[in-house]
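# Structure assessment
Below, each chain spelled out in residue letters.
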Amino acid sequence: MTQIINQTVHVNAVYFAGADLKTFPREIEYQGRAITFATGLRYLIRRGAEALQLFDMSGDDGFTYRLSRRGDSWTLLGTKGAF
């Protein structure tokens, strides 16, 4: 089941992966608790000069979290998993 959230979140930690050291969120703060990610996928979407990064991250609670990043702003778009 998918839950739409669409809220700005604070990223507490990031990590870097791959030969070109792409940035991934390691931990976010959401509803007063820290959610840690083990792995994830990154998608880059370009529209002219504008770039949007989407992330599908596996949380330590068994849910998948979709985040977007524009510049320094992170948004939790939604979660997916068993409710």
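For the structure itself, consult the block above.
Just so it is clear, the model here is predicted, and its values are computed rather than measured. (Residues numbered from 1 in each chain as written. Predicted model: local features only at pLDDT ≥ 70, side-chain atom pairs only at ≥ 80, totals over all residues. Heavy atoms only, no water.)

All right, on to the pattern of salt bridges then. Evaluated as defined, the whole model comprises 3 salt bridges. The residue Arg33 makes a salt bridge to Asp61 at a minimum N-O spacing of 3.3 Å. A residue pair is termed long-range when its members are at least 10 positions apart, and Arg33 in strand E4 (residues 33-47) and Asp61 in the loop between strand E5 (50-59) and strand E6 (64-70) qualify at 28 residues. With relative accessibility at 40%, the residue Arg33 sits in the partly exposed group. (Salt bridge = Lys/Arg side-chain N within 4 Å of Asp/Glu carboxyl O. Helix = DSSP H or I, 4+ residues; strand = E, 2+ residues; numbered from the N terminus. Buried < 20%, exposed > 50% of the residue type's maximum accessible area, 1.4 Å probe, protein only.)

The next subject is the environment of Glu27. Assignment of secondary structure puts Glu27 in strand E3 (residues 22-30). Accessibility expressed as a relative area gives 22% for Glu27, which makes it partly exposed. Residues Glu27 and Lys80, spaced 53 residues apart in sequence, show a C-alpha to C-alpha distance of 17 Å. Glu27 has contacts with His10, Val11, Asn12, Ala13, Ala34, Ile35, Thr36 and Phe37, leaving out every residue within four places of it along the chain. (Contact = heavy atoms within 4.5 Å.)

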